[in-house]
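What follows is each chain in one-letter form.
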Amino acid sequence: MKIILKVLKWVGIVILAIVLLLAILLIILSKKPFVPSNYTKTVETGGELEAKYLAMGQYEVKHTEADAPEDWGKFITYYPAEMETESKTYPVVVMVNGTGVYASKYPALFKHLASWGFIVIGNEDPSTCSGDSADATLAYLLEQNDDPNSVFYQKVDTAHIGITGHSQGGVGVFNAVTQQPHGNLYTCAVSLSPTEMELADAIGLHYEPDKMTVPTLLLAADANDVITPEGAQKVYDAMTVPKAMALRSGMDHGKMLYSADGYVTAWFLYWLTEDEASGRAFMGEESELLNNPLYSEQKTNG
């Protein structure tokens, strides 16, 4: 009996040690950025335009945070530092995060887009598929645009607003545009590795690409993703708006958040700032995306 008790005691100690180690690991992972801070210098590119727009832009960047309602934590916004002194407006990109991957987990991505002249805003919602928190985030920024005491007062270009999201957030992009009160304010969208439609329906992440009303770029990995090449094709085919699609070769689901950021940035520059050079990445049979060796299944109707 004593031997059994001693064994049980040691088993309990081992289990406790494992639990503590897992807790420590979770704490470490929760503080680790989801996007490498130097990704703009390390991600491989397959074309001049992709490389150009993956590099940091010309603007110095600042950021601010504010409390958000419900369980959305906080609103996190990055913006060109000159905004505080210039008397002009800036286009907006709303970020819709994936499951549990809050805005604070990838500041490098926010900084990169802001360095190209965008106000970039997201939140800490753990579940973004409905587009509710994305809509609330945009509403918050619009309120700040009308608040004389805000740094964003009369600095938001309300005619040029884009949205992007990854994974569950990629689903949230579709729903923010098609199902939410401020959906008609968006100019363009990017969906990164959205959950396959059949799987999304099964787990309560329903979305309807056929209802999209704005130009949409769809990007995913060619394998090891939450959407298959066939699933991506189905989403692409359902959309009747200006659109483009490509699958990044050799990437996995997590890395799709940032590995194609050169083209994400180009898409927003083209549709939100009318930058003709970035449009060459997508428009016409000779567009760079269609001929980039790092991608497969490339398509565009532009």
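Scroll up to find the structure this text is about.
Residues numbered from 1 in each chain as written. Predicted model: local features only at pLDDT ≥ 70, side-chain atom pairs only at ≥ 80, totals over all residues. Heavy atoms only, no water.

## Examining the overall build of the protein chain
Per the secondary structure count, the protein chain includes ten helices and nine strands. Relative to its full complement of 302 residues, the protein chain shows a buried share of 53%. In the protein chain, of all internal contacts separated by at least 6 residues, the share reaching a separation of at least 24 is 73%. About 13800 Å² of surface is accessible on the protein chain, with carbon and sulfur atoms providing 56% of the total. (Helix = DSSP H or I, 4+ residues; strand = E, 2+ residues; numbered from the N terminus. Buried < 20%, exposed > 50% of the residue type's maximum accessible area, 1.4 Å probe, protein only. Contact = heavy atoms within 4.5 Å. Areas by Shrake-Rupley, 256 points an atom, 1.4 Å probe, with all protein chains shown as cover.)

## A word on helix α5 (residues 132-145)
With 14 residues, α5 ought to run about 20 Å at 1.5 Å a step, and its terminal C-alpha atoms sit 20 Å apart, in line with that. The element α5 is largely enclosed, with a buried count of eleven among its 14 residues. Along α5, the positions that sit buried rather than exposed are Ser133, Ala134, Asp135, Thr137, Leu138, Ala139, Tyr140, Leu141, Leu142, Gln144 and Asn145. (Expected span 1.5 Å × (residues − 1).)

## Observations regarding the sheet that holds strand β5 (residues 156-166)
Taken together, nine strands build an open sheet; the order of strands is β1-β2-β4-β3-β5-β6-β7-β8-β9 and the sheet is mixed. If you trace the sheet from one side to the other, it starts and ends with β1 (61-67) and β9 (295-300), each paired once. Taken over all neighbouring pairs, the strand axes of this sheet differ in orientation by 15° on average, direction set aside. Sitting on the sheet, helix α6 (residues 168-179) touches β3 (90-96), β5 and β6 (188-192), and the angle it makes with β5 is about 145°. (Pairing = 2+ DSSP bridges. Axes fitted to C-alpha atoms, helices over the stretch in contact; angles between N-to-C directions.)

## Concerning the environment of Ala223
Along the polypeptide, Ala223 turns up in the loop between β7 (216-221) and α8 (229-238). For Ala223, a relative accessible area of 37% puts it in the partly exposed group. The spacing of Ala223 and Gly250 is 27 residues in sequence and 7.3 Å in space, taken between C-alpha atoms. Excluding its chain neighbours within four sequence positions, the residues that come into contact with Ala223 are Met251 and Asp252.

## Brief notes about empty space enclosed by the protein
Scanning the entire structure with this criterion turns up one cavity of 30 Å³ or more. Computed from the structure, the largest cavity encloses a volume of approximately 80 Å³. Sorting the residues of the lining of the largest cavity by element identifies β3, β5 and α9 (261-273) as the ones contributing at least two each. Partitioning the lining of the largest cavity into residue classes produces eight nonpolar, five polar and one charged. (1 Å grid on protein atoms, 1.4 Å probe; cavity = no way out; pocket = protein on both sides within 12 Å on 5 of 7 lines; lining within 4 Å. Points joined across faces, edges and corners; volume = space filled by probe spheres on them. Nonpolar A, V, L, I, M, F, W, Y, C, P; charged D, E, K, R; others polar.)

## So, unusual backbone geometry
For Asn224, which is not a glycine, the phi torsion comes out positive at approximately 55°. Here Asn224 lies in the loop between β7 and α8. Since its relative accessible area comes to 65%, Asn224 is described here as exposed. Positive phi, normally seen in glycine, also occurs at Glu297, with a value near 55°. When you line up the elements, Glu297 lands in strand β9.

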